Amino acid sequence: MNALTIDVEDYFHVAAFSSQISTSDWGTKYPSRVETSTKLALELFAQHNCKATFFVLGWVAEKHPQLIKQIVDEGHELACHGYMHQKANTQSVSEFKDDVSRCKSLLEDLSGTQIYGYRAPSFSIDPTNEWTFEVLHQLGFTFSSSTYPVEHDHYGAPDWPRFKHLRPEGITEIPIPTTHIAGKSIPIGGGGVFPSLPVLANQKVDYTICFET
């Protein structure tokens, strides 16, 4: 069984640009492209009768409410990606709870459906902020896909499980996919991994795709 997940965010939301792009310039100085790219993905999925989980940023949902309706109407799962694309491991408990609950409430109001899934921006749940799972449980989430069991300069929990597992807090965590090459965990999910996929494919590695619109 394969799983397909989409992070619905714009190019200027990426954490790597956070020191160069001010949030006040989102959608103004830097025009939004997320609606067009997400609709292209939806068209492709419809052609192949493929369903996915869409982790939507609250900022995007507020700006493009019709996109939320289309995702749900076409039979895809809607999930939460936080509101302002702030890394979870840079937030306090109250900041994290406010950001996530704001996004969850907005998505539920727009879609008329219950939101059960969450993905932290930049896969930013790691050993420094395990308390996030308890907050997610308190807010009514049942699953997360927020951890990346690799070594990376921006994220990673290399000693954590590589596969789906139930956390003590009652949250099912579905880590971003990895494979093992030469005894090392290699990332094979996430938008930043796409340039390496041809190399992995040539090595006959099976992978599950997670990408961003």
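Details of the structure are given in the entry above.
Residues numbered from 1 in each chain as written. Predicted model: local features only at pLDDT ≥ 70, side-chain atom pairs only at ≥ 80, totals over all residues. Heavy atoms only, no water.

Caption draft 1: Focus on the overall build of the protein. Within the protein, the secondary structure is distributed over six helices and 10 strands. Counting every position in the protein, which comprises 213 residues, the buried fraction comes to 46%. Nonlocal contacts in the protein, meaning residues at least 24 apart in sequence, comprise 67% of its contacts between residues at least 6 apart. Of the roughly 10,600 Å² of accessible surface on the protein, 53% is carried by carbon and sulfur atoms. (Helix = DSSP H or I, 4+ residues; strand = E, 2+ residues; numbered from the N terminus. Buried < 20%, exposed > 50% of the residue type's maximum accessible area, 1.4 Å probe, protein only. Contact = heavy atoms within 4.5 Å. Areas by Shrake-Rupley, 256 points an atom, 1.4 Å probe, with all protein chains shown as cover.)

Caption draft 2: Examining the packing of aromatic side chains more closely. Within this structure, the stated rule accounts for nine aromatic pairs. Note on Tyr 11 and Phe 12: the rings are 5.0 Å apart at their centroids and 70° apart in plane angle, and the pair reads as edge-to-face. A residue is classified by how much of its surface remains accessible, and Tyr 11, at 24% relative accessible area, is partly exposed. Summarising the aromatic geometry, the rings of Phe 45 and Phe 54 are spaced 6.2 Å apart at their centres and angled 65° between planes, so their arrangement reads as edge-to-face. Side by side, Phe 45 and Phe 54 carry an identical accessibility label, which is buried. A network of ring pairs unites the aromatic residues Tyr 11, Phe 12, Trp 26 and Trp 59 as a single cluster. (Phe/Tyr/Trp six-rings, centres within 6.5 Å; stacked < 30°, edge-to-face > 60°.)

Caption draft 3: Looking closely at the nonpolar core. The biggest cluster of nonpolar side chains holds 41 residues, and the ones touching the most others in it are Phe 54, Val 56, Leu 107, Tyr 118 and Phe 141. Counting five residues, the second-largest nonpolar core is a separate cluster that includes Phe 123, Tyr 148, Tyr 155 and Ile 176. (Core = buried A, V, L, I, M, F, W, Y, C linked by side-chain atoms within 4.5 Å.)

Caption draft 4: The environment of Val 60, seen in detail. Considering the arrangement of structural elements, one finds Val 60 in helix α2 (residues 58-63). The class for Val 60 is buried, based on a relative accessible area of 1%. When the C-alpha atoms of Val 60 and Val 8 are compared, they prove to be 7.5 Å apart, with 52 residues separating the residues in sequence.

Caption draft 5: Quick look at unusual backbone geometry. Positive phi outside glycine occurs at Asn 49, with the angle close to 50°. Counting through the fold element by element, Asn 49 comes out in the loop between α1 (34-47) and β2 (53-56). Asn 49 gets classed as exposed once you look at its relative accessible area, which sits at 67%.

Caption draft 6: Geometry of the pairing of β2. Here β2 shows two buried faces, one formed by Thr 53 and Phe 55 and the other by Phe 54 and Val 56. In this structure, strand β1 (residues 5-8) lies alongside β2, joined through four bridges in parallel fashion. Paired with Thr 5 across the strands is Thr 53, a residue of β2. Pairing of β2 with strand β3 (residues 77-80), which is carried by four bridges, proceeds in the parallel orientation. Pairing of Val 56 across the sheet is with Cys 80, part of β3. (Pairing = 2+ DSSP bridges.)

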